[in-house]
There are 2 protein chains.
Amino acid sequence: MTQDRQGPLTGIRILDLTRVLSGPYTSMMLADLGAEVIKLEMPEIGDDSRHFGPFQKDESAYFMSVNRNKKSITLNLKSEKGKEIFKKLAAQVDVILENYRPGTMEKLGLDYDTICQVNPGIIYASISGFGQTGPYSRRAAYDGIVQAMGGIMGITGEKGGKPVKIGSSIGDIIAGMFCSTGILAAYIHRQNTGKGQYIDVAMLDSQVAILENAIARYTVTGKVPKPTGNTHTSIFPFETFPTASEDIMIAAGNDVLWSKLCTALDCEELITDERFSTNPERGYHHDEMFALLCERLVGKKADEWVKILDDAGVPCSLINTIDKVLENPQIQARNMIVEVEHPKAGKNLIAGLPIKMSLTPGAVYKAAPVLGEDNRSVYKEMAGIGEDELEELKKKGVI
Amino acid sequence: MTQDRQGPLTGIRILDLTRVLSGPYTSMMLADLGAEVIKLEMPEIGDDSRHFGPFQKDESAYFMSVNRNKKSITLNLKSEKGKEIFKKLAAQVDVILENYRPGTMEKLGLDYDTICQVNPGIIYASISGFGQTGPYSRRAAYDGIVQAMGGIMGITGEKGGKPVKIGSSIGDIIAGMFCSTGILAAYIHRQNTGKGQYIDVAMLDSQVAILENAIARYTVTGKVPKPTGNTHTSIFPFETFPTASEDIMIAAGNDVLWSKLCTALDCEELITDERFSTNPERGYHHDEMFALLCERLVGKKADEWVKILDDAGVPCSLINTIDKVLENPQIQARNMIVEVEHPKAGKNLIAGLPIKMSLTPGAVYKAAPVLGEDNRSVYKEMAGIGEDELEELKKKGVI
């Protein structure tokens, strides 16, 4: 953990009103790349996710994992004084980011049009469940709802089984990722023209955008895509197999890899077997192929096979549980698990940055903030509020 | 479908060597937002995914879905003349994007360091399975492999069941999304300093970055996270329920929603039942709660319940199959399914843009290119190659 903000976005300042996951994921990505993110939270309470377990010495490990590298200030946006201070801050930032339900920022009198009056060049991004427009706009959404509605659940699950929700909240995360791209695109446009704009990202839209070829498969063939288990719809073999211990994933994406696989499994006779000699043939005779490979694979344990197949150049993997992910030598070599020292909670492990840049690498340089950690410095610098006034505002519940 | 390139990235030019999904997803996002993407493909063969089914009048629906808005040129990078032409093009673009296995661009003599000699400000982004560094760097990866190795499969699946692969290739897509953010961040840095750089994004790293709280849950509690089916680890109820027809997803994320849910299900007595009156209590008595709600829910069909719960303000959804996704009124209202007219294949439906911008909205303005569609215009404009020379290069297999 370094101690200085660094990265390509140094100099960009973001006022971040977001809570829980989608918006905080966006601002985490931008903060990791060097943007100054000022997280604005409700006095006393803070981001809802500060109260999500598990806790490490009373600090939420959930909160800490997506709020590293950010500052925290408290501000009650329902108070008149709070709104006034908010506008002062808004006038001095490049980006405002919020993920309230559509209509909330208007009700607070802090919507895009209003903020444009104090900062005409502002980039103002909103993430919501269903978006700012359309018949469902004002409804509340949760990750599980958009995963179900957006189609990804309908194509995930065991073959012939029920739809299965993805085990992390990708309904939120994917929306957060699209929003970060949108904000940077708008920033580039503003560098060229001086003009800011409003960005509207919906969790539901974002789910539709990651369906890959499922829409094409349906519209071209008329067949409704179903859960396909751990297989691939058009590459064979590309699936999980049983072994003498746990299952492994093997992906032999072309005929050369098929040949290497058969050699490694000591069943060379299958290479030229006309039922399996091409990918379409292997698809057509999939069940026979699967049965024959299983016969070989149940003879050794998973980790033995992984070693043999790795040496043979056949793509394969154990199906890692999280403890194994943390021990994986490639993941460690890539610095994808980072240790952070939190002033209250102590050391904790979080995911690192997946964007590796040669000249301006980002970094995890600071643990997640405690609530209001940066009140003093931010309010002094950006709103000219000194110690006495700060005390007064605190007493009144404004900060 | 409009006919002009538009969006915040107008003026940015990208030379795109990527194949199949991860890289093409990156360049699709940037092309949707207005960047000029020149897709460079092998003569005669083209992107591997041009040969992936299903086909619509001989055109791959898979290819068409992620390559809209791009130009296509053909160039054989193994030929000396091809390398020479490549460098001419490289000198005139802002970004080079490639997703070959690490080492391939070096072998071709077209790696970052070499390209810097003709274009010192170039932003050069690589997506690979495991990244440019680390012990697995040179290995081939496929989506299924990184889903298995990166941990997402290990937390996805039915409760007590086996790990399940996500039904779309998020191993590729997530890496493509991170790469688009990285490229724009590097572009901003270049606007500020004139300096380009190299970006290295790995599919495996990207999987680790979307595990949400699973790492925190494991490191804090020591318990290895397992597939949790369609439930939430800390919100109750937040799961799928049976009805008189198919299952539905219901998410009552707080006590107010719990109360609304019980009222809508005509079981108000549960609101104040001390086993269920708070979220922690509902978690503790989950199985009893689930059984009681099921008793009510099996009394009506899924779409009847969705109407009742929608009216009551309780977040819920059918678990949509792809046909239902296409019919969803919110998804339609948000223009998330776009009809494209392809010159050969005719009309086809693809996912729209999830980043909605007020001033410079992107657009799907053009169908995916046929192979080499833009050879004439690109080579004339960027390499000064006229008709005769073009014919000559074609005969020699250079383009």
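Residues numbered from 1 in each chain as written. Chains lettered and ligands numbered in written order. Predicted model: local features only at pLDDT ≥ 70, side-chain atom pairs only at ≥ 80, totals over all residues. Heavy atoms only, no water.

- An unreviewed UniProt entry lists chain A under the name CoA transferase, with Zhenpiania hominis as the source organism.

Quick notes on the interface of chain B and chain A
- Taken together, the contacts link 130 residues of chain B with 130 residues of chain A.
- Taking both sides of the interface into account, the surface hidden between chain B and chain A amounts to around 11200 Å²; carbon and sulfur atoms contribute 66%.
- A per-residue breakdown of the area chain B buries against chain A is headed by Glu212(B), Ile322(B) and Gln330(B), which together make up 7% of the total.
- Measuring nitrogen to oxygen at the nearest pair gives 3.1 Å for the salt bridge that ties Asp310(A) to Arg139(B).
- Summed over the shared surface of chain B and chain A, the result is 49 residue pairs in polar contact (both at pLDDT 80 or more).
- The dominant element in the side of chain B that touches chain A, judged by the number of residues it contributes, is helix α7 (residues 170–193) of chain B, at 16 residues.
- Its residues assigned to classes, the side of chain B that touches chain A shows 74 nonpolar, 41 polar and 15 charged. (Contact = heavy atoms within 4.5 Å. Buried area = accessible area lost by both parts, 1.4 Å probe. Salt bridge = Lys/Arg side-chain N within 4 Å of Asp/Glu carboxyl O. Polar contact = N/O pair within 3.5 Å; in protein donor to acceptor, adjacent residues only side chain to side chain. Helix = DSSP H or I, 4+ residues; strand = E, 2+ residues; numbered from the N terminus. Nonpolar A, V, L, I, M, F, W, Y, C, P; charged D, E, K, R; others polar.)

Observations concerning the pattern of salt bridges
- Summed over the entire model, instances satisfying the criterion amount to 42 salt bridges over all chains.
- Linking Arg68(A) and Asp32(A) is a salt bridge whose minimum nitrogen-to-oxygen distance equals 2.7 Å. Note that Arg68(A) is positioned in the loop between α2 (61–66) and β5 (71–74) and Asp32(A) in helix α1 (residues 22–32), a separation of 36 residues in sequence.
- Across the salt bridge formed by Arg334(B) and Asp205(A), the nearest N and O atoms sit 2.9 Å from each other. Here Asp205(A) lies in helix α8 (residues 203–208) and Arg334(B) lies in the loop between α16 (329–333) and β12 (337–342), a pairing that spans two chains. The residues Arg334(B) and Asp205(A) share a single accessibility class, namely buried. (Buried < 20%, exposed > 50% of the residue type's maximum accessible area, 1.4 Å probe, protein only.)

What about the sheet that holds strand β2 (residues 36–41) of chain A?
- With mixed pairing, seven strands are arranged side by side in an open sheet as β5(A)-β2(A)-β1(A)-β6(A)-β7(A)-β8(A)-β14(B). Of all strands in the sheet, those with a lone pairing partner are β5 of chain A together with β14 (355–357) of chain B, marking the two edges. The mean angle between the axes of side-by-side strands here comes to 20 degrees, regardless of whether they run parallel or antiparallel.
- Where strand β1 (residues 13–16) of chain A lies against strand β6 (residues 95–98) of chain A, three bridges are found, and the strand directions are parallel. The partner of Ile14(A) across the bridge, within β6(A), is Val95(A).
- Packing of helix α17 (residues 375–383) of chain A onto the sheet brings it into contact with β1, β2 and β5 of chain A, and relative to β5(A) it is tilted by some 75 degrees. (Pairing = 2+ DSSP bridges. Axes fitted to C-alpha atoms, helices over the stretch in contact; angles between N-to-C directions.)

Remarks on the pairing of strand β8 (residues 197–202) of chain A
- Of all the six residues making up β8(A), six are buried; the element is thus mostly covered by neighbouring parts of the structure.
- Burial along β8(A) is two-sided: the face carrying Gln197(A), Ile199(A) and Val201(A) and the face carrying Tyr198(A), Asp200(A) and Ala202(A) are both buried.
- Bridge analysis of strand β7 (residues 123–128) of chain A against β8(A) gives six bridges, and the strand direction is parallel. For Ser126(A), the partnering residue across the bridge sits in β8(A) and is Asp200(A).
- Across three bridges, β8(A) lies against β14(B) in antiparallel orientation.

Here's the deal with helix α10 (residues 255–264) of chain B
Residues and elements named next belong to chain B.
- What α10 keeps buried is the set Leu257, Trp258, Leu261, Cys262 and Ala264. Down the axis, α10 shows its buried residues gathered within 165 degrees of arc, on one side only.
- Of the surrounding secondary structure, the elements contacted by the buried residues of α10 are β10 (248–251), α11 (269–272), α12 (279–284), α13 (286–297) and α14 (302–312).
- Structurally, the start of α10 carries an N-cap: the backbone nitrogen of Val256 is 3.1 Å from a side-chain oxygen of Asn254.
- Looking one or two residues beyond α10, the residue adopting positive phi is Asp266, at roughly 60 degrees. (Arc of directions from axis to C-beta.)

Notes on the sheet that holds β10(B)
All names here are of chain B.
- As summarised here, the arrangement of the three strands in space is β9-β10-β11, forming an open sheet in which the pairing is antiparallel. Looking along the sheet, the strands with just one partner apiece sit at the ends: β9 (238–241) and β11 (316–318). Ignoring which end each strand starts from, the neighbouring axes of this sheet average 20 degrees apart.
- Most of the contacts of α13 go to β9, to which it runs at about 45 degrees, and overall it touches β9 and β10.
- Running at roughly 155 degrees to β11, α14 makes contact with β10 and β11 of the sheet.

Re the packing of helix α1 (residues 22–32) of chain B against α7(B)
Residues and elements named next belong to chain B.
- It is the contact of α1 with α7, at a shortest axis distance of 7 Å, that shows an interaxial angle of 45 degrees. Judged by the angle between their axes, α1 and α7 are oblique. Read as a crossing pair, α1 and α7 show a hand that is right-handed. From α1, Ser22, Tyr25, Thr26, Met29 and Leu30 reach across to α7, where they touch Asp172, Ile173, Gly176, Met177, Cys179, Ser180, Ile183 and Leu184.
- Class assignment of the residues belonging to the contact of α1 with α7 gives a composition of eight nonpolar, four polar and one charged. (Parallel < 35°, antiparallel > 145°, perpendicular 65-115°, else oblique. Left-handed = near helix turned anticlockwise from the far one by under 90°.)

Quick look at the pairing of strand β13 (residues 346–351) of chain B
- Relative to β13(B), β12(B) runs antiparallel, the two being bridged by six bridges. Pairing of Ile337(B) across the sheet is with Ala351(B), part of β13(B).

Notes on the packing of aromatic side chains
All names here are of chain A.
- Tallied over the entire structure, the rule returns 16 aromatic pairs over all chains.
- Taken together, the aromatic side chains of Tyr112, Tyr124 and Tyr198 make up a single cluster linked through ring pairs.
- Seen from the ring of Tyr100, Arg19 lies directly overhead, with NZ or CZ sitting 4.1 Å from the centre.
- Directly above the aromatic system of Trp305 lies the positively charged group of Lys300, at a separation of 5.8 Å from the ring centroid. (Phe/Tyr/Trp six-rings, centres within 6.5 Å; stacked < 30°, edge-to-face > 60°. Lys NZ or Arg CZ within 6 Å of the ring centre and 35° of its normal.)

Concerning the relation of the copies chain B and chain A
- Once chain B has been moved 0.0 Å along the axis and rotated by 180 degrees, it coincides with chain A to within an RMSD of 0.0 Å. Here the copies are linked by what is in effect a two-fold axis. Nearest to the rotation axis, the C-alpha of Thr181(B) is located 2.5 Å from it, this being the minimum over chain B.
- When the interface residues of chain B are mapped onto chain A, 100% of them again lie at the interface, so the same face is used by both copies. (Least-squares fit on C-alpha atoms with pLDDT ≥ 70 in both.)

Details of the domain arrangement of chain A
- According to the domain assignment, chain A contains domain 1 (13–210 + 329–395) and domain 2 (248–318).
- For domain 1 of chain A versus domain 2 of chain A, the distance between C-alpha centres works out to 45 Å. (Domains from an automatic or database assignment.)

Some words on the environment of Thr18(A)
Residues and elements named next belong to chain A.
- Mapping Thr18 onto the fold places it in the loop between β1 and α1.
- When residues no more than four places from it in sequence are discounted, the contact partners of Thr18 are Gly23, Pro24, Ser27, Lys39, Asp47, Leu97, Glu98 and Asn99.
- At 2.6 Å, the side chain of Thr18 and the side chain of Asp16 are in polar contact.

Description of the side chain of Asn76(A)
All names here are of chain A.
- Tracing the chain through its elements places Asn76 in the loop between β5 and α3 (80–90).
- Within the local environment of Asn76, its side chain forms a polar contact with the backbone nitrogen of Lys78, the two atoms lying 2.9 Å apart.
- For Asn76, the residues in contact, after removing those within four places along its chain, are Met42, Pro43, Gly82, Gly397 and Val398.

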